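Chain by chain, the residues:
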Amino acid sequence: MENIYFNPADLKHLGENVIIGKTVRIRHPERVSIGDNCIIDDFAYISTGLELGKCCHISSNVTISGGEGNVKIGDYSTISANCSIHAGSSDYRIVSLDLPSVPEELRFGGITEDIIVGNFVTIGAHSTMLPGVKLPDGFAAGAYTLIKKRKYKPWTLYAGYHAVQLGKRDNTKLLQLMEEGKL
């Protein structure tokens, strides 16, 4: 696999049958693990630690950032186009110098908290995830959802700026496949 934006051999782990677009940029490949059967589409940008489970899809134009933070995404999960996931962010309530362009000895402030995304999670297009989010298995967010640090229910759909709960997701077929040992 040829990639001008990072060397796949530098990844912490690269599973089998992985497809990574030629324009994917991974700033710290030594902090990134990608499970089997994953796809990362063109123009995705990853600049933090990432652990991607098996059979995941990161769509085009997704940004996963966070400095020293980490993002863990479970199996069979998808992040739709133009989403942004931030394990690190400025606090905005205080003046800080937490920018990566500032020399390390001058940096202060900011928020860094790991993000954990469960299995079978779907994040709709243009959604944003903030530091410290923990999403349970089966969570889904509609397009343009702001996902803040708070408690979410498994197998439930949320949408909008306030991530309003819209109802339970039907997981009957998925449970059947799991019982049959197909997943």
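Now for a description of the structure that goes with this document.

Analysis parameters
- Residues numbered from 1 in each chain as written.
- Predicted model: local features only at pLDDT ≥ 70, side-chain atom pairs only at ≥ 80, totals over all residues.
- Heavy atoms only, no water.
- Helix = DSSP H or I, 4+ residues; strand = E, 2+ residues; numbered from the N terminus.
- Rg over C-alpha atoms; globule rule 2.2 N^0.38 Å.
- Buried < 20%, exposed > 50% of the residue type's maximum accessible area, 1.4 Å probe, protein only.
- Contact = heavy atoms within 4.5 Å.
- Pairing = 2+ DSSP bridges.
- Phe/Tyr/Trp six-rings, centres within 6.5 Å; stacked < 30°, edge-to-face > 60°.
- 1 Å grid on protein atoms, 1.4 Å probe; cavity = no way out; pocket = protein on both sides within 12 Å on 5 of 7 lines; lining within 4 Å.
- Points joined across faces, edges and corners; volume = space filled by probe spheres on them.
- Nonpolar A, V, L, I, M, F, W, Y, C, P; charged D, E, K, R; others polar.
- Core = buried A, V, L, I, M, F, W, Y, C linked by side-chain atoms within 4.5 Å.

1. Brief notes about the overall build of the protein chain
Looking only at helices and strands, the protein chain has one helix and 22 strands in total. For 183 residues, the compact-globule formula gives about 16 Å, and the C-alpha radius of gyration of the protein chain, at 17 Å, lands near that figure. Seen through its C-alpha atoms, the protein chain measures out along the principal axes to roughly 55 × 40 × 20 Å. Looking at the protein chain as a whole, 42% of its 183 residues are labelled buried.

2. Some thoughts on the environment of Val164
With respect to the helices, strands and loops of the structure, Val164 is situated in strand β22 (residues 164-168). Sequence separation of Val164 and Ala141 is 23 residues, and the distance between their C-alpha atoms is 9.4 Å. Every residue in contact with Val164, bar those within four places of it in the chain, is listed here: Leu157, Tyr158 and Ala159.

3. Observations concerning the sheet that holds strand β9 (residues 63-65)
In spatial order, the strands read β3-β6-β9-β12-β17-β20; together these six strands make up an open sheet with parallel pairing. Looking at the sheet topology across the chains shown, the edges are occupied by β3 (25-26) and β20 (146-147). Where strand β6 (residues 45-46) and β9 come together, two bridges link them in parallel fashion. Its bridge partner being in β9, Ile46 is matched across the sheet by Ile64.

4. What about the pairing of β22?
Two strands pair when backbone bridges link them, and strand β21 (residues 156-159) and β22 are joined in this way by four bridges, in the antiparallel orientation. What sits directly across from Leu157, in β22, is Gly167. Between β21 and β22, which pair antiparallel one after the other, the connecting turn spans four residues, and Gly160 there sits at a positive phi close to 95°.

5. Notes on the packing of aromatic side chains
Under the criterion given, the structure shown has five aromatic pairs. Relative to Tyr158, the ring of Tyr152 lies with its centre 5.1 Å away and its plane at 90°, an arrangement referred to as edge-to-face. By the ring-pair criterion, three or more aromatic residues cluster together here, those being Tyr76, Phe120 and Trp155.

6. Remarks on the layout of surface pockets
The computed volume of the largest pocket comes to approximately 670 Å³. Together, 23 residues line the largest pocket, and Gly66, Gly67, Glu68, Asp98 and Pro100 are the ones closest to its centre. When contributions to the lining of the largest pocket are tallied by element, the ones reaching two or more residues are β13 (88-89) and β14 (111-112). For the lining of the largest pocket, a count of residues per class yields six nonpolar, eleven polar and six charged. Taken as a whole, the second largest pocket holds about 200 Å³ of empty space. Along its surface, the second largest pocket is lined by Ser89, Ser90, Asp91, Tyr92, Ile111, Glu113, Leu130, Pro131, Lys148 and Lys149. When grouped by side-chain class, the residues that make up the lining of the second largest pocket number four nonpolar, two polar and four charged.

7. Some words on the nonpolar core
Counting 37 residues, the largest nonpolar core has Ile123 and Leu135 as the members making the most contacts within it. Only β4 (32-34), β7 (49-52), β10 (70-73) and β15 (115-117) provide two or more residues apiece to this core. If we ignore the near neighbours within four places in the chain, the residues touching Leu135 are Ile116, Val117, Gly118, Val121, Ile123, Met129, Ile147 and Tyr152.

8. A word on unusual backbone geometry
A positive phi is found at Asn61, a non-glycine position, where the angle reads about 60°. Of note, Asn61 is situated in the loop between β8 (57-58) and β9. Look at Tyr92: it is not a glycine, yet its phi comes out positive at around 70°. Structurally, the position occupied by Tyr92 is in the loop between β13 and β14. Here Tyr92 falls in the exposed class, since its relative accessible area comes to 70%.

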